[in-house]
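Secondary and tertiary structure notes
What follows is the residue order along each chain.
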Amino acid sequence: MLSAQSLAKIDRELAKYPADQFRSAIMGALRIALVERRETGNTPEERCLNADVIEFVANYVGIPPVAAYEVATFYNMYDMKPVGKYKLTVCTNLPCALQGGVNAAHYIGEKLGIGIGETTADGKFTLLEGECMGACGDAPVLLVNNHKMCSFMTREAIDKKLAELE
Amino acid sequence: MAVFVNGVIFEGVDTAAPDCWRLEAYMARGGYQALKKILDNKIPQEDVIAEVKNSGLRGRGGAGFPTGLKWSFMPRSFPGDKYVVCNTDEGEPGTFKDRDIIVYNPHALIEGMIIAGYAMGCKAGYNYIHGEIFEAYELFEEALDEARKAGLLGQNILGTDFSFDLFAHHGYGAYICGEETALLESLEGKKGQPRFKPPFPASFGLYGKPTTINNTESFASVPFIIRDGGQKFLEAGKPNNGGTKLFSISGHVNRPGNYEIPLGTPFATLLEMAGGMKDGKKLKAVIPGGSSAPVLPGEVMMELTMDYDSISKAGSMLGSGAVIVMNEDVCMVKALERLAYFYHEESCGQCTPCREGTGWLYKVIHRIANGEGRDGDLELLESVGNNMAGRTICALADAAVFPVRSFTKHFRNEFEHLITHKKALVDHKWC
Amino acid sequence: MLEIEIDGKKLTVNQGITIMDAAHTAGTHIPHFCYHKKLSIAANCRMCLVEVEKAPKPLPACATPVTDGMKVHTASPLAKKAQAGVMEFLLINHPLDCPICDQGGECQLQDLAVGYGNSSSRYQEEKRAVVGKDMGPLVSAEEMSRCIHCTRCVRFTEEIGGYQEIGMANRSEFSEILPFLGKTVNSEISGNVIDLCPVGALTSKPFRYATRAWELSRRKSVSPHDGLGSNLIVQVKQNQVMRVLPLENEDINECWIADRDRFSYEGLNSAERLQKPMIKFDGKWHETDWQTALDYVVKGLNGVANDHGKDAIGFLASPHSTTEELYLAQKLARSFGVNNIDAALRRSDKRVAAAQQGALWLGSSIVELLAAKSVLMVGSTQRQEQPLLASRLRQSVKKGMALNVIHTSDDELLTRINAKLIVSPLALVNALAQVLKAAVEIKSASTTLDLSAANVGAEARAIADSLCAAESAAIVLGNVAQHHPAFAELLSLAQEIGRVTGARFGIAAEAANSVGADIAGVNPQRGPLGKTVSAGIGVSEMLAAPRKAYVLLNSEIEADAYNSQQAVAAMKQAATVIALTAFKGEALLDYADVLLPIAPFSETAGSFVNMEGKLQPFNGVVRPLGETRPAWKVLRVLGNMLNLSGFDFNSAEDVRAELLAHGDIAAALNNQLTSVAANVVADGTLVRIGEVPMYQADAICRRAESLQKTAAAAAPVIALNPQDIAKLGLEAGQPAIVSQGEAEVRLQLVADAAVAAGAVRVAAAHPATQALGGLFEPIQIKRG
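Residues numbered from 1 in each chain as written. Chains lettered and ligands numbered in written order. Predicted model: local features only at pLDDT ≥ 70, side-chain atom pairs only at ≥ 80, totals over all residues. Heavy atoms only, no water.

The UniProt entry lists residues 78-117 of chain C under the feature "domain: 4Fe-4S His(Cys)3-ligated-type" (unreviewed entry), expressed in the numbering used here. Within the segment residues 78-117 of chain C, helix and strand shares are 60% and 0% respectively, and the terminal C-alpha atoms sit 15 Å apart. (UniProt positions renumbered as here; feature names shortened; annotations may be inferred. Helix = DSSP H or I, 4+ residues; strand = E, 2+ residues; numbered from the N terminus.)

Residue and element names in this part refer to chain A. Residues V53, I54, V57, A58 and V61 constitute the buried set of helix α3 (residues 51-61). For α3, the arc enclosing every buried residue in end-on projection is 130°, short of the 170-degree limit, so these residues lie on one face. For α3, the side-chain oxygen to backbone nitrogen distance between the N-cap and D52 is 3.2 Å, and the N-cap itself is N50. Positive phi shows up at G62, right after α3, with a value of about 95°. (Buried < 20%, exposed > 50% of the residue type's maximum accessible area, 1.4 Å probe, protein only. Arc of directions from axis to C-beta. Polar contact = N/O pair within 3.5 Å; in protein donor to acceptor, adjacent residues only side chain to side chain.)

Right, let's talk about the sheet that holds strand β21 (residues 473-477) of chain C for a bit. All names here are of chain C. Taken together, the five strands give an open sheet; going across it, the order is β20-β19-β18-β21-β22, and neighbouring strands pair in parallel fashion. In this open sheet, the two strands that pair with only one neighbour each are β20 (419-422) and β22 (504-507). Each neighbouring strand pair of the sheet contributes to a mean axis angle of 15°, computed without reference to strand direction. Across the sheet, helix α14 (residues 428-442) is in contact with β18 (374-378), β19 (402-407) and β20; its angle to β19 comes to roughly 145°. (Pairing = 2+ DSSP bridges. Axes fitted to C-alpha atoms, helices over the stretch in contact; angles between N-to-C directions. Contact = heavy atoms within 4.5 Å.)

Quick look at the state of the cysteines now. All names here are of chain B. The tally for this structure, following the rule as stated, stands at zero disulfides over all chains. Unpaired in terms of disulfides, C331 finds its nearest cysteine sulfur in C431, a separation of 15 Å. No disulfide involves C394; its nearest neighbouring cysteine sulfur is the one of C348, lying 6.3 Å away. With a relative accessible area of 13%, C394 lands in the buried category. (Disulfide = S-S within 2.5 Å.)

Now for the interface of chain A and chain C. The interface is formed by 14 residues belonging to chain A together with 16 residues belonging to chain C. For the pair chain A and chain C, the summed buried area comes to about 1,300 Å², and 60% of that belongs to carbon and sulfur atoms. Between the two partners, chain A and chain C, sit one salt bridge. Among the ionic pairs, K183(C) bridges to E55(A), the shortest N-O distance being 2.9 Å. On inspection of chain A and its partner chain C, the count reaches five residue pairs in polar contact (both at pLDDT 80 or more). With seven residues, the single largest contributor to the side of chain A that touches chain C is helix α4 (residues 65-74) of chain A. Broken down by class, the residue content of the side of chain A that touches chain C amounts to nine nonpolar, two polar and three charged. (Buried area = accessible area lost by both parts, 1.4 Å probe. Salt bridge = Lys/Arg side-chain N within 4 Å of Asp/Glu carboxyl O. Nonpolar A, V, L, I, M, F, W, Y, C, P; charged D, E, K, R; others polar.)

Interface size is commonly expressed as the accessible surface area that is lost when the partners come together. Residues and elements named next belong to chain A. For chain A, the assigned domains read domain 1 (4-74) and domain 2 (86-165). Taken together, the contact pairs six residues of domain 1 with five residues of domain 2. Between the two partners, domain 1 and domain 2, sit zero salt bridges. In this structure, the connection of domain 1 to domain 2 is made through one residue pair in polar contact (both at pLDDT 80 or more). Within the side of domain 1 that touches domain 2, the residues separate by chemical class into three nonpolar, no polar and three charged. (Domains from an automatic or database assignment.)

Shown next, in the form of structure tokens:
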């Protein structure tokens, strides 16, 4: 289900916690599984978490699958729905909105021809609205695939970034 | 980008230098001298705690609880495992100071946590980092590796009989995990649903063991306090408001960013440091302590100083030190609608009043903002809010209600106008 | 002790209790939803907010510990305002579909809304809709919009069920209660979530839309299934059992019951119920009247007695029968001159009856067992045999009990096991002997048993250490041990270990009235309450050396016997098989020649004696179906028709009184055997592990449709350890053929690392495997 590299990464997460508290590693393990899905999936459906992967990860970590599912659906960075090759999450919370966050999200939507919450027909981009990322000073802020934060996303910066994401 | 004036945590940090976060650079700035001082002189645990008490350091996460006092609550003689946990789950809209600490000066935090571990007799600690700043999490892991390799973490630190290890744990998109017991649940691999207190973390914390949780900025202030003395830290601020504080300024200012300044600095001075109002527009309103703090009209703010007591007297709170500045083009109904959406989205869903109330508040405010307000809606908002605040396990319900109360109090005319005329008083522009 | 005040009432309470606990002792009711005395505290519904003087805000009574001098107001204006506020929030998204909701009339939300809600809603926005979930054949989760997110069900599966099968996904108002994607809820005690759900979100699937709660009458009863003796509330309407709920009994079942206790009632209403006496002649069945049928029985018994002697007759009674039925059955048999009577139908070791000195029982009360610091379960498939006892043992483990296991399969017990020995059935005696040997060493004691063939392993040593170190310890033999051909040796060893370590020892009685049967004298060697009788032969001999006539009481011997192959053959060769039965099962119709319709537990007065020796009387909850009669009445009439004296009873109570006049039940309980012996040499033959599946345990649950749709009722498979599969050149995932004697059975082969090496796990008591022989006898396997 997961590659040897991903399992090794999960093992490193497991090692952070006391031996009888392996459950703590579920957040990291689900993140690692999601990254592998994103990197190896060819379609939006293959890039998100699904029942099989969650069950596998739950069993690997040693917790009931429904407990892992609770975690996967509680934290909103775990993709539970089909997602484009590039998931763009723009913070539109108040401080960011005051510094162009909402405008940036709309601009990206216009450029890609999709609304917030949608994926382009070619499955390449998904545009999402995010909540506070703890980087309001850098607004507008954009997360690419959860982990790469892009700051000061003016129209020009957005044009450049979208051109890069091929 | 971050802007620093002076202070405790960022003293000597050249944020423009790509390696400023590394162990070597930290050592060159006098890093880990506080830890060495403690270990070399075998300073007793209670003396370390006393020094932190003397500094007047108050928790920088928002609640402002005296850090030294919190440390003294830990049952130091408890025979089993005990933990120190750092809260870097910074997700309160307007707050972005902790990321800069991790990105530019992570070893100050690491050293602060090691000292805390020493003072409270803990063998392990965890730093819980906001999921959205994943690069900062990865960088912090690197900093931990540096410290481990240098013998600053792990078994027999610096050749003494003191052992302590520290690990990083990331969140993955849940504001509520900034609440300390939700953070503990999350650290245990569960949903981040706050725990009922009592028991408090000092007796029943991580894995049911005694645990002390502090904010990143609080821990990162500790090396200075130990190295240079609590008195010096205290003198950097004002009585009962010891030390310098990081203020995150966002919104309609020319230079949003972090400013580490003495507590008690006038807001007007801070606004000036941040380059003043963008495009010369008029200051309309300020949320002085993160989105959960009550909003204050601009003219009120201009009379206040930035410290716990002054802001509190004016009816708001210093909170995490996140200052959100709004100009005259902002429709306050729109602004409140966005905040209400946030709390609705982020409620953990556990307690009835919050799970149901945040949605109700948002739906009513959304209607008003879209010209579908009804007579009685403002009274309804107030009543629903009253049924939420103080009725839940954690303070998220209160946090959702404070903006509603303060926005509808200070800017009531905008709400009434929209309800009556189905049209906003202010031609809203976000920026 | 703390002094507190609740609503002006002064109380002295223990430190550490909550306001809710204190209010209970004061008889003050505080409204609540998420709070449940047997579950962890969630404090999430907020309905129990009360005013506490000097507290800045209302506090949840369920979670707030009392402090000295605390003054609580549960119904002050502040408290009421807080409670009413919470009620409003609970109702804004709750569908007002009470008229079509199964919970209507017994809904806590509905009840409390009357007291705390408003007559109209201020909520003008759109209500939330939540899609239904599939939790399996027992629990309906169709209407999840009704859920108020109290998480009782979640906490139940995790804390009492032992494994979290239900979760609350998502967050904020989008939170949803659900099982894992595509999975059902499979806990053997899952039905309790229906009782726990305070609203109509989780309801009983078999009961769905059957009737309204207020149309039901509530009658007390006792579960007729396993030996725990769970107390029941049976709810009836128009002379039909509609639903079964737990009756709280802290010493036995607390407030829970197993799914078998709850959903078996469907079997009572089965189309297979026998409603009229039937006689077979010319190979065809004919319904007849009672007089004709009883004449036929009397003629048959007299005929066989005259032609072949009374020893040619055997009485086989199900241990699910009532004490009164069992007492009368043995009285009838013995008065008539038949000494061959037995109720331990699946027992294969005839040596036990010969060495018994009393009725075999748990050896302590259930509460004492649960309080033991160390327990060794021997040969028990716990979760199938006594699902609720297994759950209660898990709670004890959480409180510090060391649970040790010697068994033939390493089943998931959902709890921490201190030490375990998993061995082939043929090595069970050796395994227990190892523990004895280790205990003898630890205690520097001695034993007369020859333990030279037992080599003490690390696990046996750990078990012995645990038993020796504990201030209170118990050894309990489960069904596998009781059915085992070496039961006498296992019991002897338990007795010796008990003697050496000070542990109590006993059996977890298989059926609702296994202990009662021994007490009533349905034992080939012992009469009522141990009265001396002329010895007869037990079930194993009655089937091995077939009789000319059999009288079956409540038994489907093809499923109830140790060796169903042999049992069916014995029935088929008999001149007459007289069955007193509630059901006309296919096999009975084949081998019996007269069927007398007798009442199941729900239609007769009677009593069961549970595993701890507690006699629990009950009354019928509905009238007997059709021409069904309570068995005690049938036996009374038969006694009179056979011209036997002493069969003039007016009621089941009369029968019970006559039995109890023989002595005291407690004094008749005794697990000590007159002599102990143990052949501890283990054998390497491939042997069957033939357990009775949970929902094949008795005639009633066999016919409970919904239980038969559960995962636990799936068709039997052949399970082998993967190493054995490889060694034997078999292939998992393919069908294989197992055989005992002449019979072959073809089933799917499954690799299961839990199965002990050298053993072949094939369930018994199931139509698919009834052709096979003994439960723990050698078995052959080949590719199929």
